[in-house]
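Geometric and topological summary
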Amino acid sequence: MVGEIRDQETAQIAINAALTGHLVFTTVHANNVLDVLGRFLNMGVEPYNFVSALNCILAQRLVRVVCSYCKKPVQYPDEYLIESGLNPEQWRDVTFYEGAGCFECGGTGFRGRTAIHELLDLSERIREMILNKRPGSEIRRQARDEDMTFLRESALAKARSGVTTLKEINKVTFIEG
Ligand SMILES: [Zn+2]
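Please read all numbers here as calculations on a predicted model, not as lab measurements. (Residues numbered from 1 in each chain as written. Predicted model: local features only at pLDDT ≥ 70, side-chain atom pairs only at ≥ 80, totals over all residues. Heavy atoms only, no water.)

1. Observations concerning the overall build of the protein
Within the protein one finds 9 helices and 4 strands. Ordered by position from the N terminus, the helices and strands of the protein form the series α-α-α-β-β-α-α-β-β-α-α-α-α. The buried share of the protein, reckoned over its 177 residues, is 38%. Nonlocal contacts in the protein, meaning residues at least 24 apart in sequence, comprise 70% of its contacts between residues at least 6 apart. About 10,300 Å² of surface is accessible on the protein, with carbon and sulfur atoms providing 50% of the total. On the protein, the mean spot of the 21 positive side-chain charges and the mean spot of the 23 negative ones are 5 Å from each other. (Helix = DSSP H or I, 4+ residues; strand = E, 2+ residues; numbered from the N terminus. Buried < 20%, exposed > 50% of the residue type's maximum accessible area, 1.4 Å probe, protein only. Contact = heavy atoms within 4.5 Å. Areas by Shrake-Rupley, 256 points an atom, 1.4 Å probe, with all protein chains shown as cover. Lys, Arg positive; Asp, Glu negative; His and termini not counted. Charge placed at Lys NZ, Arg CZ, Asp CG, Glu CD.)

2. With respect to the pattern of salt bridges
Taken as a whole and assessed by the stated rule, the structure comprises 10 salt bridges. When the shortest N-O distance is used, the salt bridge between Arg 125 and Glu 128 registers 3.7 Å. A residue pair is termed a helical-turn pair when its members lie 3 or 4 positions apart in one helix, as Arg 125 and Glu 128 do in helix α6 (residues 124-131) at 3 residues. Taking the relative accessible area as the measure of exposure, Arg 125 reaches 41% and is therefore partly exposed. The structure contains a network of salt bridges with shared partners spanning Arg 64, Glu 168 and Lys 171. (Salt bridge = Lys/Arg side-chain N within 4 Å of Asp/Glu carboxyl O.)

3. So, the side chain of Asn 170
Relative to the helices and strands, Asn 170 is located in helix α9 (residues 166-172). Setting aside its immediate chain neighbours within four residues, Asn 170 contacts Tyr 80, Ser 84, Arg 152 and Ile 175.

4. Remarks on the coordination of the zinc ion
For a metal bound by four donors in a tetrahedral arrangement, the ideal donor-metal-donor angle is 109.5 degrees, while six donors in an octahedral arrangement ideally sit at 90 or 180 degrees. Cys 67 (SG), Cys 70 (SG), Cys 102 (SG) and Cys 105 (SG) make up the full set of protein donors to the zinc ion, lying at 2.3 Å. In this structure, the zinc ion is coordinated by 4 donor atoms arranged in tetrahedral fashion, with angles at the metal of 106 to 112°. Along the chain, the residues donating to the zinc ion are arranged with the sequence spacing C-x2-C-x31-C-x2-C. (Donors = N, O, S within 2.8 Å, 3.2 Å for Na, K, Ca; no water. Tetrahedral: all angles 85-135°; square planar, octahedral: opposite > 155°, others 65-115°.)

5. Concerning the packing of α6 against helix α7 (residues 136-145)
At a minimum axis separation of 10 Å, α6 and α7 run at an interaxial angle of 180°. Accordingly, the angle class assigned to the pair α6 and α7 is roughly antiparallel. Contacts between α6 and α7 pair Arg 125, Ile 126, Met 129 and Ile 130 from the former with Glu 138, Ile 139, Gln 142 and Ala 143 from the latter. Across the contact of α6 with α7, the residue classes break down as 5 nonpolar, 1 polar and 2 charged. (Axes fitted to C-alpha atoms, helices over the stretch in contact; angles between N-to-C directions. Parallel < 35°, antiparallel > 145°, perpendicular 65-115°, else oblique. Nonpolar A, V, L, I, M, F, W, Y, C, P; charged D, E, K, R; others polar.)

6. Re the nonpolar core
By size, the foremost hydrophobic cluster in this structure holds 25 residues, and its most contacted members are Leu 37, Phe 50 and Leu 120. Sorting the residues of this core by element identifies α1 (8-19), α2 (33-42), α3 (47-53), β1 (56-66), α6 and α7 as the ones contributing at least two each. Top contributing element to this core by residue count: α2, with 5 residues. Taken together, domain 1 (1-54) and domain 2 (55-177) each give at least three residues to this core, which thus spans both. (Core = buried A, V, L, I, M, F, W, Y, C linked by side-chain atoms within 4.5 Å. Domains from an automatic or database assignment.)

7. Things to note about the packing of aromatic side chains
All told, the structure shown has 4 aromatic pairs when counted by the stated rule. Judged by centre distance (5.3 Å) and plane angle (50°), the rings of Tyr 76 and Phe 96 are tilted. Here the residue Tyr 76 occupies a position in the loop between β2 (71-74) and α4 (78-83), and Phe 96 occupies one in strand β3 (residues 96-99), the gap between them amounting to 20 residues. Phe 96 matches Tyr 76 in its accessibility class, with the two residues each being buried. A centroid spacing of 6.0 Å and a plane angle of 10° characterise the contact between Trp 91 and Phe 96, whose relative ring orientation is stacked. Using a relative accessible area of 10% as the deciding quantity, one classes Trp 91 as buried. (Phe/Tyr/Trp six-rings, centres within 6.5 Å; stacked < 30°, edge-to-face > 60°.)

8. Quick word on the domain arrangement of the protein
Taken domain by domain, the protein consists of domain 1 (1-54) and domain 2 (55-177). The centre of domain 1, based on its C-alpha atoms, is set 26 Å off from the matching centre of domain 2. Counting residues at the interface gives 13 residues for domain 1 and 19 residues for domain 2. Taking both partners together, domain 1 and domain 2 bury about 1,400 Å²; carbon and sulfur atoms supply 75% of that area. Looking only at domain 1, the three residues that lose the most surface to domain 2 are Val 33, Leu 34 and Leu 54, adding up to 45% of its buried area. For the pair domain 1 and domain 2, the interface holds 0 salt bridges. For the pair domain 1 and domain 2, the interface holds 4 residue pairs in polar contact (both at pLDDT 80 or more). When residues of the side of domain 1 that touches domain 2 are traced back to their parent elements, those giving at least two are α2 and α3. (Buried area = accessible area lost by both parts, 1.4 Å probe. Polar contact = N/O pair within 3.5 Å; in protein donor to acceptor, adjacent residues only side chain to side chain.)

The following block contains the structure:
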């Protein structure tokens, strides 16, 4: 376990440990999984070693959970769905939930937190793309073709199932047009 990599020296140590057969876990501050690739490569690590040492990247963020004591169904106007990057045709009939605020949640409408996440599993194709210095947008497209679930989708699934609110995930994830 290597806590928070910020410089080339630490990155190199972690990569060397992984290349010599150790299972290494580490953390990096970044907005999403694709930014992690850039973070490492900009630290000046050798791309081939980096890609060989890397199995997967997991990004996670916490969202507040709707209070189960004061949870109530809500429907949003089309304008808000559009603002949230959602097609009203597909989302108009979805019942979202919000907490009204009660004694149990201290009036916030939320009680506890849960994680939303995205996982980039490095396929051979994606490894090649990183080595060939393909732009992040292209790697992202490839990951999508390989059925990767992105942070925003993970968040939408939790809002759709009533675990958290649409407003909460709009604060925590970027809205994709
Ligand atoms: Zn409550």
